[in-house]
Amino acid sequence: MPRPPALDQDKKTELILDVLAGRCNLSQAAMRAGVSAQAVANWRRQFIEGGSRAMQSQCALRATREQNNLRLRQLFHEVQQLKIALAEAHLAMHGPHGLGRLDHGGRSAVGQRR
C-alpha cells in the first residue's frame, strides 16, 4: 500500500499543539491527519526534542554573548592602557611642546611648510 502524502508542516504543528494542549488525543489527531497514532506520537516526540534543543542552543548562545562582552571589556581596557603608554612615550621622546605640533588631521606637522 503506498504511503500517504506528507502532511504540511504547519498542519503537523497544529495537530501536535492540539494533542499537547489536551484538545484531542493521539488517536483523534491521527484520524484527522489520516496517519497512524504512532506517527503522531513520533511527531510529538520530535516536536518536544526540537524545542528542547532550541532552548539549549539559546542558553549556549547567551553564555557565548556574555563571554564576548567580557572579552570586549577587557580589550577596551587594554586599548585604554596602550593609549596612555603611547602618550607617555610620546612625551618622553618629544617633550610637552611636541603636542601642539599636530595638523588638523592629527598628523605631525614637523617638517611641513606652513
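Structure's up top.
An account of the accompanying structure is given in this report. (Residues numbered from 1 in each chain as written. Predicted model: local features only at pLDDT ≥ 70, side-chain atom pairs only at ≥ 80, totals over all residues. Heavy atoms only, no water.)

What to know about the pattern of salt bridges
Then step 1. Scanning the entire structure with this criterion turns up 3 salt bridges.
Then step 2. Among the salt bridges present, the one from Glu 49 reaches Arg 45, with a minimum N-O distance of 3.5 Å. Taken together, the residues span about one helical turn, with Glu 49 and Arg 45 both in helix α3 (residues 37–94) at a distance of 4 residues.
Then step 3. A relative accessible area of 36% means that Glu 49 is categorised as partly exposed.
Then step 4. On the accessibility criterion, Arg 45 (39% relative accessible area) is partly exposed.
Then step 5. It is possible to trace a salt-bridge network through shared partners that takes in Asp 18, Arg 23 and Arg 32. (Salt bridge = Lys/Arg side-chain N within 4 Å of Asp/Glu carboxyl O. Helix = DSSP H or I, 4+ residues; strand = E, 2+ residues; numbered from the N terminus. Buried < 20%, exposed > 50% of the residue type's maximum accessible area, 1.4 Å probe, protein only.)

Quick notes on the packing of helix α1 (residues 9–21) against helix α2 (residues 26–33)
Then step 1. Running from amino to carboxyl end, α1 crosses α2 at an angle of 160°, the nearest separation of the two axes being 9 Å. Considering the angle they form, α1 stands roughly antiparallel to α2. Crossing of α1 over α2 shows right-handed handedness. Two secondary-structure elements touch here, α1 through Glu 14, Leu 15, Asp 18 and Val 19 and α2 through Leu 26, Ala 29, Arg 32 and Ala 33.
Then step 2. The residue makeup of the contact of α1 with α2, split by class, is 5 nonpolar, no polar and 3 charged. (Axes fitted to C-alpha atoms, helices over the stretch in contact; angles between N-to-C directions. Parallel < 35°, antiparallel > 145°, perpendicular 65-115°, else oblique. Left-handed = near helix turned anticlockwise from the far one by under 90°. Contact = heavy atoms within 4.5 Å. Nonpolar A, V, L, I, M, F, W, Y, C, P; charged D, E, K, R; others polar.)

Looking at the nonpolar core
Then step 1. Grouped together as the largest cluster of nonpolar side chains are 9 residues: Leu 15, Ile 16, Val 19, Cys 24, Ala 29, Ala 30, Ala 33, Val 40 and Trp 43.
Then step 2. For this core, the secondary-structure elements that each account for two or more residues are α1, α2 and α3.
Then step 3. When neighbours within four sequence positions are excluded, Ala 30 is seen to be in contact with Val 35, Ser 36, Ala 37 and Val 40. (Core = buried A, V, L, I, M, F, W, Y, C linked by side-chain atoms within 4.5 Å.)

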